[in-house]
Amino acid sequence: MTRVDLTKAQCTELANYLFGVLDKGMGVGHADWIEMLVLARRALAAAEELPEVSVPLIPPPDPVKSAAPYTISRSGAAEAAELKRATLARLEAYRGRGAGLVSFTPLAELCDEVDGKAVTPEMLGRMLSRERFPVAVWRSVAAALDRMEKRDGGAKNED
């Protein structure tokens with residue numbers, strides 16, 4: 001780098017010239033750019049004077065091995081959605097084995113009441129149409145399907 005000795009008047013004149021260039025080219029108020037460029041140059045010059053220091057690389061830490069297999073905890077909403085999907089598939093299979101919507105009457109009779117209200121055959125049909133119901137209704141229907149399968153399975157085994 002070349003060193004140039006300037007007088008105070010020459011430095012002031014050079015600074016005014018640079019401000020004028022910046023104001024014309026970049027717009028008024030960008031005098032801070034000059035200061036930033038000077039500071040950047042000083043930092044580079046200081047960095048060139050520093051000796052290089054070699055620092056040994058630190059390897060990344062070894063992964064932690066746990067004794068138990070890794071399991072992802074599922075949220076309540078994910079479990080409820082899975083229950084609804086499984087119960088809907090079972091309900092569709094049940095309807096396919098029965099005599100249409102009439103086959104929902106015995107299933108509805110096996111369902112427990114939810115919030116003081118009975119599960120009706122009409123509700124079971126609406127569930128097949130993908131209408132939204134509280135998860136408590138889906139649990140009641142799943143339990144009724146379990147009872148129905150045990151009852152039907154027991155009767156088939158006796159024949």
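What this report covers is the structure whose coordinates are included nearby. (Residues numbered from 1 in each chain as written. Predicted model: local features only at pLDDT ≥ 70, side-chain atom pairs only at ≥ 80, totals over all residues. Heavy atoms only, no water.)

1. Examining the pattern of salt bridges
Counted under the stated rule, the structure contains 7 salt bridges. Here glutamate 122 makes a salt bridge to arginine 126, at a shortest N to O gap of 3.4 Å. With a gap of 4 residues between them, glutamate 122 and arginine 126 both fall in helix H5 (residues 121-128), about one helical turn apart. Given the relative accessible area of 52%, glutamate 122 is considered exposed. Classification of arginine 126 by relative accessible area gives partly exposed; the value is 27%. A single network of salt bridges, built from pairs that share partners, joins Arg90, Asp146 and Glu149. (Salt bridge = Lys/Arg side-chain N within 4 Å of Asp/Glu carboxyl O. Helix = DSSP H or I, 4+ residues; strand = E, 2+ residues; numbered from the N terminus. Buried < 20%, exposed > 50% of the residue type's maximum accessible area, 1.4 Å probe, protein only.)

2. Observations regarding the nonpolar core
Among the nonpolar cores identified, the biggest contains 20 residues, and Leu91, Leu107, Leu124, Met127, Val137 and Val141 are the most heavily contacted of them. Elements supplying a minimum of two residues to this core: helix H3 (76-97), helix H4 (104-110), H5 and helix H6 (135-158). Ranked by residue count, the leading element in this core is H6, at 6 residues. Setting aside chain neighbours within four positions, we find methionine 127 in contact with Leu88, Leu91, Phe133, Val137, Trp138 and Val141. (Core = buried A, V, L, I, M, F, W, Y, C linked by side-chain atoms within 4.5 Å. Contact = heavy atoms within 4.5 Å.)

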